[in-house]
Structures are given as structure tokens and as C-alpha cells.
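Residue-level structural notes
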Protein chains: 2
Amino acid sequence: MSRKITIKDVAKHAGVGIGTVSRVINGSNSVSPKMKKKIFESIEALGYTPNYVAQSLRTHKYKNIAFFADISNPIFAQIAKESQIELEQFGYTLSLCNIGEKDIANKISSFLEGRRFDGIILSIPKEDDEELNESLSNIDIPIVTINRDLPNLTAKVLTDYYSSVKEAIIYLLSLGHTNIALVGGNKEIRPTREGIRAYKDAYLIHNRVPNQALIKNGKFSSESGETIFMDLLPDIQKGYITAILSLNNQMFYGILRGMRKAKLQYPKDISIITFEDSELMQLLDPPLTVIHRPIKDIGKSIVKILIKSIEEPEQIEEIESVVIPTEFIIRDSCRPI
Amino acid sequence: MSRKITIKDVAKHAGVGIGTVSRVINGSNSVSPKMKKKIFESIEALGYTPNYVAQSLRTHKYKNIAFFADISNPIFAQIAKESQIELEQFGYTLSLCNIGEKDIANKISSFLEGRRFDGIILSIPKEDDEELNESLSNIDIPIVTINRDLPNLTAKVLTDYYSSVKEAIIYLLSLGHTNIALVGGNKEIRPTREGIRAYKDAYLIHNRVPNQALIKNGKFSSESGETIFMDLLPDIQKGYITAILSLNNQMFYGILRGMRKAKLQYPKDISIITFEDSELMQLLDPPLTVIHRPIKDIGKSIVKILIKSIEEPEQIEEIESVVIPTEFIIRDSCRPI
DNA sequence: CTGAAAGCGCTAACAC
DNA sequence: GTGTTAGCGCTTTCAG
């Protein structure tokens, strides 16, 4: 291929100085209309596009965002997708970095090392990883977290777990369930805490106090969900536990698998509700009662906050968390007692 | 934060020339061991990491790969994830760009414009988009395609649709099914073509010729799958069509939804097989007979080919397509006639 | 084997 | 308003 054409070529072609071309490209300072026109023509004629790498080196702006999460979780994949679509409007690029359970601080810093990003989108598996929080607070570019309360990180997009979990539990209590198991991930993350808080409050409203043993915590995986279900199984078979609310879709798969193995069916043998409304959730038979959250809105909010933090840092005071509403959708996976 | 420390700082700290530091960083040419040691110590002491942007500007190497696909499809999200994990080993970054159905050529070129990538991973919805193929062949960096036969693009990672579809159809024929519907996406992509070829060959082996009308093409969406199912419905209810093989997971969701609406159950009313073995596929009741492909291997192969094309372009002659084997897994969604 | 210097393509400060 | 120039941080000749 022929050599990439540069700003110099444009300047020569238009018979102007290189600086003037730069000004036109950046729309900065006033350039005389005739110059402007001439330069635009040359840009067009030569098919010039500025080299972002060179621009970045000069300006310390990279138009590039790093996305850290566990993409195995389809929800994060969707959020990544929506964020990318949104970022594109602003001319930004999204670079993926998958993180698992372990060695996250290292993974993040080695990913960031040497590379240049203007901002970060992040969701990590625990909030109380001190080493990680330490290294996170040393990062000097804006970070937007997803559903996490991290010390020093104020820009966050949260899902309103509280309202819908409360609504769901109240719904179950109204159906006559008294012992509802709550299955969630690590206690050290916001969704679990909020879920538990909502759970307790819902019981309170019904003038009851839930059995602490009904609150089960594990990891965001189907294996963990299945393990928890198996723990619960004796009490389910005894008829003590009659409903389960799962705060996480991946754990929910494990619960379903466990039910299958134990030859239990919903809603006959147990009522169930889960978070996240994927296409398949509706295909399960009977269709599932779920808590749904709008992924597209989450992506949009993330990007909005992030771009603002990057491009208008002076207004950073005003940047706080955004809470995305959820929706409780009743279908056919719960039955009255 | 304090100013980023640069190669100059290291040179000064070590009392050497800037070029020597560079040589040490790149492991290039021989530098005397004592120098090397001193410089490494300074790098360590100052916590220096080279600025990739500056390196890129100089070397025209960016350590960055662009990924174009429709991430709505969980399969592509998984492939993106696996590719990223693999690329990381080589120090490369993955930038996402979601593409939909329309205006793809523009999307790709505007994404690439000005930015610098060393390679591209790509899967597009049709193979016969001339404008797109034209613009693709003008790209002067290595491109690895996923399951597409594109003119001029020889580096590809393919899934062996043929063998498993053939196996699956033979399985159905052996169960006594004679009229098996084949549901796939656009005819202008390799998976569909290969699926159809396998389908016909399987019939041939049984000394039969399939009814062309049983081959249905649509788009990779559940809506399209449902529409096709509804087309098929009369013949299913008549008992003419007794089995369906879906080449695509998203279309399959639509088929399931259609079955639900029509109050049909598998395997009783119809036998079904689909591509892609997700966790939920096993949770459907009864569990589904599926064709499975190893996503991790696909990611690895993509990256292997891509890195080789980038870093050892002289061996490009040898770089051809890799075919990833598939596996036909029999569970309980088909019954004998 | 090593230091000095040119230059990747661009922006911004500086003159005119 | 506009051209010239320094320099972002790095690699790579070029001398020595």
C-alpha cells in the first residue's frame, strides 16, 4: 500500500502551513473561511485522516476506554456491547479485559501499564479486596463502576435491586410463602447487600422476621448455585422452604439443574424468581417470574457519566451515582401456598 | 499524580544514553551485561514502563486488534472473551466494535479510520455484500474471519458444521424421520451452505432426496426463527414434518417460542436438534440434543493465526484456514418414529 | 558497544 | 490569521 498520507501532505497540497491544517482539523481558533475551504478540499482530495496515535502522544487524550469485567457473564457482555455502541457516538473505543476471580489487581494494572486510556468501566467480584482498592485509588483517570460500592470511587451506575427484590418478596409472602430462601453471590458486593436489605424489609412489612439461615451466599456460577440448592434441598423436601429468590442469573442455572436432579418442578414443588430476563427465561416451561433491568440504559448511563468525567472534570463534584430502575415481571413460576 | 516517568529519566538515573535504555527494553542488539544490569535497576527503581503510544508512533506496531461482530449473539461475546484472554499472552489488546445488519462497510471503515490496529477479527452477516468485500480487500492488515468464506480473505477459523450436521441428520433418519426441516440463516454464509450440503449428503446416504421446501433460511434472530416455525407449523401438525434441525441458537429460541405458542412439545410432537450448547440448553426439559463446538479452541485458533500473520508475515503462504471440530451430543429431544 | 541525533505525525506556543 | 518550531516518548540510524 502507498504510504499513509499525513498532515504535511495536506498542507503542501493546500499550499498552507501545517499548523493551519491542524487548526482546521480541530476546529480550533479562527481560520479564514477561504483557507478552511481550501484545506477541506485537500483533505477530501487526498483522503486524509489524522493519525490518532500521533494526536494522542501530543495531547494525552486517547479516546479509548478500558472495560474490566467477567465477560463470561452474558450480562456483562451485553453491557460491554451497549457501552461500545454508545461510546462510538463520542469517538471512543472500548478495549476489553476479562477478569476472573483471582489476581485482579495485577491483571488490571498490567493491562493498564504503558497503555493509555482516558477512562475505565469496571465491575469486580468483591468490594473488600484491599489490595485492589488500594491500586484502584491510585489510578488517575475516571472510573465508572457497575453495581459496586468501592471506597474512593464515586462514579457508579447501580441497579435498583432493592425495590424489585422487596416487591418480589412481598409478592411471595402475599402468596402465603413464609420461608423464602434468598440466594446471592458474595456478601461483599452491593447487589447482595441490597438484596438482603430488601428481603428483610419485605418481611418486616409483613410483620415477620426471616430466618437468617435462609440467606445463602455463594459465587456467581452455576456450580455455586447448585451447591446452595443442594444445601437447601432437605428443607425444601420437608416443605419448610417453599420459595427461592435468586439474585443472580448464573447461580440460577445451578438451582435449576439441582431441581432437575432432585426431580422437583416449579411452581408445583417450589416457587422461584430470578434476576435477569433473558430470552431463554421466557422459554422455560412454565415461563419464569423475573426481575428485569434495562441493559441498554445501563450502558448509556455508564458512558454518559464516564464521558462527562473525562471531558468536563471540573464538574466532577456533581457526578454521583445513577440508579437504574428494575422491573418485577410476574409470570408463572410461583404459586400460592 | 506526578509526571509519568520516561525513558529519559531512566537514562539519566542510570547515567547512560537514552538509546541504550531503549535497546535494553527491546532486548535488541547486545548491550554489555553491566550496563544492562544498571539499567534494569533504574527501571525498577523508578517504576518505569514504556509508553506504548510513543512506541507505536515510531514502530507502526500497535499491539491492538479490532473485533467486529454482532456481540448480541452470546457466541460472539464468548469468542471475543476467549480471544482477549489469548491475545493478552502476546501483549495485545482487543477493541470491540459491534456490527449489526446494515451499513457495515461504513461502520468498519469509520472505526478503523485514523486508529491503528495490527489486525482484525471479523464475522459479518453476509458473504455477498460487494461493497463490503471491496472495502475489506483494501485493508492492509491481517484479517481473520470466523466461519465466513470471503473473497481475498484466506485466514479463517471455521467450524466443522458439515460433519456434525450430517451425523445429526443421519441420526434422525435412522430414528425413522423422513421429513426433517433444516432451519438456518442467510444462505450466503458458510455455516448455512455447509449445513445444507451435509443435510443433502446425509439423505443421500440413506438413498433419499430431501424435499427442497424443507430447507428454510432466515436471519440470526429469534423472531426469524419463530416466523419460520410458523411456516412449518401446518406441515408439522399434519404429521408431515417430524423433526427440525436448527443451525443457529438464536433462531432456535424462536422455534421454541413458536412451539410453546402452538402448544407443541418435544420430543412428543416433534424432534429437535440445535447448534450451540449453552448451559440453559441442558436445563430445558427434556434436555436438548445439540451440536457443540469448543469456543475456547476457536478463540485460541483465531489468535494463533492472527499473531502469526502479524508477526511472521513472510510465512503467510502457509496460513490457511483452520477447521474446528464439532461434537454431536445426543440427549432427549428426539424420539423414534 | 554506546551516545547523539533525526524523526514518527501531530498540537500548541510563539512570532510575525 | 497564519507559518514556523519545539517537543510528546520512543526507536533507529549514524558515528565513534
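Notes on the structure in this doc start here. (Residues numbered from 1 in each chain as written. Chains lettered and ligands numbered in written order. Predicted model: local features only at pLDDT ≥ 70, side-chain atom pairs only at ≥ 80, totals over all residues. Heavy atoms only, no water.)

With that settled, the discussion passes to the interface of chain B and chain A. Frequently, the measure chosen for interface size is the accessible area removed from exposure when the parts meet. In this complex, chain B contributes 47 residues to the contact, which on the side of chain A involves 48 residues. Contact with chain A buries surface across chain B, with B:Arg260, B:Leu280 and B:Leu283 losing the most and accounting together for 14% of the total. Inspection of the region where chain B meets chain A yields 1 salt bridge. Of all elements in the fold, only helix 4 (52-59), helix 5 (74-89), strand 2 (93-98), helix 11 (249-261) and helix 12 (279-283) of chain B reach the threshold of two or more residues within the side of chain B that touches chain A. Per element, the largest residue contribution to the side of chain B that touches chain A is 7 residues, and it comes from helix 5 of chain B. Counted by class, the side of chain B that touches chain A contains 22 nonpolar, 14 polar and 11 charged residues. Relative to strand 2 of chain B, strand 2 (residues 93-98) of chain A is paired through 3 bridges, and the arrangement is antiparallel. Each bridged residue has a counterpart across the sheet, and for A:Leu94 the counterpart in strand 2 of chain B is B:Leu96. (Contact = heavy atoms within 4.5 Å. Buried area = accessible area lost by both parts, 1.4 Å probe. Salt bridge = Lys/Arg side-chain N within 4 Å of Asp/Glu carboxyl O. Helix = DSSP H or I, 4+ residues; strand = E, 2+ residues; numbered from the N terminus. Nonpolar A, V, L, I, M, F, W, Y, C, P; charged D, E, K, R; others polar. Pairing = 2+ DSSP bridges.)

In this section: the protein's contact with DNA strand C. Taken together, 24 residues sit near DNA strand C, with A:Ile7, A:Arg58, B:Thr20, B:Arg23 and B:Ser30 positioned nearest. Protein-adjacent atoms of DNA strand C, using a 4 Å cutoff, are sugar or phosphate at a proportion of 63%. At 3.0 Å, a side-chain N or O of A:Arg23 approaches a base nitrogen of DNA strand C. Within the contact set of DNA strand C, a phosphate oxygen lies 2.5 Å away from a side-chain nitrogen or oxygen of A:Tyr48. Among the elements of the structure, helix 2 (18-26) and helix 4 (52-59) of chain A together with helix 2 (18-26) and helix 4 of chain B are those that each provide at least two residues to the surface near DNA strand C. For the surface near DNA strand C, the class distribution of residues is 9 nonpolar, 11 polar and 4 charged. (Near = heavy atom within 4 Å. Polar contact = N/O pair within 3.5 Å; in protein donor to acceptor, adjacent residues only side chain to side chain.)

Before going further, it helps to examine the sheet that holds strand 10 (residues 289-292) of chain A. All names here are of chain A. Here we have 6 strands laid out as an open sheet, ordered 7-6-8-9-10-12, and mixed in their pairing. The sheet is open, and its two edges are formed by strand 7 (215-217) and strand 12 (327-329), each paired on a single side. Across the sheet, the mean angle from the axis of one strand to that of its neighbour is 15 degrees, orientation sign disregarded. Across 3 bridges, strand 6 (residues 180-184) lies against strand 7 in parallel orientation. Bridge assignment links Val-183 to a residue of strand 7, and that residue is Lys-216. Along the sheet, helix 8 (residues 161-174) contacts strand 6, strand 8 (243-246), strand 9 (271-275), strand 10 and strand 12; its crossing angle with strand 9, the most-contacted strand, is approximately 175 degrees. Contacting strand 6, strand 7 and strand 8, helix 10 (residues 222-237) runs over the sheet at an angle of about 160 degrees to strand 7. (Axes fitted to C-alpha atoms, helices over the stretch in contact; angles between N-to-C directions.)

All names here are of chain B. Counted at 1.5 Å a residue, the expected span for helix 9 (residues 190-205) with its 16 residues is 22 Å, and the 22 Å between its end C-alpha atoms agrees. Structurally, helix 9 contributes buried residues whose contacts are with strand 5 (156-159), helix 8 (161-174), strand 6 (180-184) and strand 7 (215-217). Following helix 9 by one or two positions, Asn-207 adopts a phi angle in the positive range, close to 55 degrees. (Expected span 1.5 Å × (residues − 1).)

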